[in-house]
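Now for the letters of each chain:
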Amino acid sequence: MDLFEYAKSKTLERESPLASRLRPETLDEVVGQEHIVGRDKLLYRAIKADKLTSVIFYGPPGTGKTTLAKVIANTTSAEFTQINATVAGKKDMEAVVKQAQENLGMYGKKTILFIDEIHRFNKGQQDYLLPFVEDGTIILIGATTENPYFEVNGALLSRSVIFQLHSLEPADIRELILRAVNDCKKGMGSYHAVIDDDALEFLADMAGGDARSALNAVELGVLTTPRSGDGKIHITLDVASECIQKRTVLYDKSGDNHYDIISAFIKSMRGSDPDAAVYYLAKMLYAGEDVKFIARRIMILASEDIGNADPQAISVAVAAAQAVERVGMPESQIILSQAVTYMACAPKSNSAVNAISAAMDSVRQVKTTVPVHLQDAHYGGHEKLGKGIGYKYAHSYPNHYVEQQYLPSEILNERFYEPGDIGYEKVQKEYLRRIRDEDR
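The shown structure was predicted, so the numbers you read here are calculated from the model rather than taken from an experiment. (Residues numbered from 1 in each chain as written. Predicted model: local features only at pLDDT ≥ 70, side-chain atom pairs only at ≥ 80, totals over all residues. Heavy atoms only, no water.)

**Student:** Which residues make up the overall build of the protein chain, and what are the values?
**Tutor:** For the protein chain, the count of helices and strands is 20 helices and seven strands. Computed over its C-alpha atoms, the radius of gyration of the protein chain comes to 32 Å, more than 25% above the 22 Å expected for a compact globule of 440 residues. Reported as C-alpha extents along the three principal axes, the dimensions of the protein chain are approximately 100 × 65 × 40 Å. Here the protein chain, with 440 residues, has 40% of them falling under the buried criterion. (Helix = DSSP H or I, 4+ residues; strand = E, 2+ residues; numbered from the N terminus. Rg over C-alpha atoms; globule rule 2.2 N^0.38 Å. Buried < 20%, exposed > 50% of the residue type's maximum accessible area, 1.4 Å probe, protein only.)

Here it is in structure tokens:
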């Protein structure tokens with residue numbers, strides 16, 4: 001490192017955001033994630049022994065993925081190199097690989113490559129790394145907020161140990177906030193700030209498990225709040241509220257959490273819990289989810305999980321979908337809330353799903369012919385072929401019903417639709433039972 005690089009690094013160290021300055025340098029300084037860095041855990045032992053293999057850290061923002069990589073950098077005897085997949089390209093990786101090969105060949109020294117946002121690399125870029133991870137030229141540390149099983153090549157996954165990081169607990173956030181306020185070396189201690197207990201609790205809760213969010217709020221509060229008469233900067237509840245403003249909802253519309261929320265939303269309606277269903281609706285709306293997407297999911301559920309137990313459900317769902325397109329936000333949230341709570345409280349049935357699934361299976365497995373009396377007799381010459389002859393017009397008979405074969409002879413005794421005993425399906429079931437008994 002030359003003089004200019006040294007000066008640059010010192011400036012960045014001094015001027016970097018609080019969350020960056022406060023990053024731990026050793027494992028003992030790490031807060032939270034005890035399930036993977038507790039003293040008896042695999043990752044802790046591997047880092048301490050400097051015997052790390054390729055790993056992928058997966059978890060929400062602000063939970064310590066980059067922090068753990070920095071701890072490894074300060075602990076390992078291997079060469080540590082970092083790139084960010086949002087800006088790095090193949091040339092950057094080629095340079096890293098070349099240097100890693102030289103380090104290994106000339107000095108017998110391994111190279112650890114930390115790739116932040118590894119899910120941003122395309123398949124080709126990930127494939128390029130594979131042989132060098134395979135032969136040990138590079139020990140890979142990947143960090144991602146996305147589910148690696150969806151976003152990282154299977155070949156790389158099979159050569160890596162995946163560690164999932166969880167959102168930090170409020171107690172962990174509180175510890176970090178106090179460290180930030182009081183640490184004179186890396187934190188804001190030299191500003192002689194104090195934080196009120198209610199402000200501390202508020203920030204720890206509102207951060208939503210994201211340490212970076214809480215620390216950014218602390219830094220903003222300390223830097224923008226005038227000193228009081230006692231010469232200290234007081235971080236009160238009002239100051240804390242102003243600095244963090246609004247809880248950040250973890251909801252990446254293209255990411256893994258998106259599917260988790262949608263899944264919970266659907267399952268809550270299916271499970272007849274209107275409170276949970278409307279909560280997940282609110283979470284999606286708060287995060288800016290497309291209302292048309294939400295409406296489509298409600299329409300699907302209306303048939304898939306309610307069906308003929310309440311035939312009105314699909315009408316409510318379709319009407320809601322049309323209404324949100326015409327009305328727009330914020331009023332659309334009321335329309336969606338009505339539809340969602342209706343679906344959650346409606347009687348449930350998946351008989352329609354079972355019926356079409358069974359019928360599709362039958363179509364795939366059995367070749368059939370439409371009974372002659374049901375075939376079309378309207379086109380010229382068809383009557384001479386016997387088509388349509390013998391058909392009984394149901395409305396010409398009492399109760400608009402007459403016994404007649406409708407299924408093909410090859411599957412004559414199949415039953416595809418079996419209505420349940422809930423809601424309107426109970427009426428359908430009784431009607432079918434009655435007319436089938438009359439057939440005998």
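From this point, the discussion proceeds with the structure in view.
**Student:** Please set out the pairing of strand 3 (residues 111-116) residue by residue, giving values where relevant.
**Tutor:** Counting buried positions along strand 3 yields six of six residues, so the element is predominantly enclosed. Here strand 3 shows a buried face lined by Thr111, Leu113 and Ile115 and a second buried face lined by Ile112, Phe114 and Asp116. Here strand 2 (residues 79-84) runs beside strand 3; their pairing, made up of six bridges, is parallel. When the bridges of strand 3 are listed, Thr81 appears paired with Leu113. This β-α-β element, strand 2 to helix 6 (residues 90-107) to strand 3, shows right-handed connectivity. By the bridge criterion, six bridges tie strand 3 to strand 4 (residues 138-144) in an arrangement that is parallel. Paired with Ile112 across the strands is Ile139, a residue of strand 4. The β-α-β motif built from strand 3, the intervening helix 7 (residues 123-134) and the parallel element strand 4 has right-handed crossover chirality. (Pairing = 2+ DSSP bridges. Right-handed = clockwise from strand over helix to strand, strands pointing away.)

**Student:** Lay out a nonpolar patch on the surface in plain terms, naming residues and giving numbers.
**Tutor:** Together, Tyr391, Tyr393 and Tyr406 line one region of the surface with nonpolar side chains, adding up to about 350 Å² of accessible area. Judged by its relative accessible area of 48%, Tyr393 is partly exposed. (Patch = residues over 30% accessible without salt bridge, like charges linked within 9 Å, V, L, I, M, F, W, Y side chains within 5 Å. Areas by Shrake-Rupley, 256 points an atom, 1.4 Å probe, with all protein chains shown as cover. Salt bridge = Lys/Arg side-chain N within 4 Å of Asp/Glu carboxyl O.)

**Student:** An account of the packing of helix 15 (residues 274-286) against helix 18 (residues 332-345) is needed here, citing residue identities and associated values.
**Tutor:** Between helix 15 and helix 18, the least distance of the axes is 9 Å, while the angle of their chain directions is 150°. Comparing the axis directions of helix 15 and helix 18 gives the class roughly antiparallel. The chirality of how helix 15 crosses helix 18 is right-handed. Here Pro274, Ala277, Val278, Leu281 and Leu285 of helix 15 lie close against helix 18, whose contacting residues are Gln333, Leu336, Ser337, Val340, Thr341, Ala344 and Cys345. By residue class, the composition of the contact of helix 15 with helix 18 is nine nonpolar, three polar and no charged. (Axes fitted to C-alpha atoms, helices over the stretch in contact; angles between N-to-C directions. Parallel < 35°, antiparallel > 145°, perpendicular 65-115°, else oblique. Left-handed = near helix turned anticlockwise from the far one by under 90°. Contact = heavy atoms within 4.5 Å. Nonpolar A, V, L, I, M, F, W, Y, C, P; charged D, E, K, R; others polar.)

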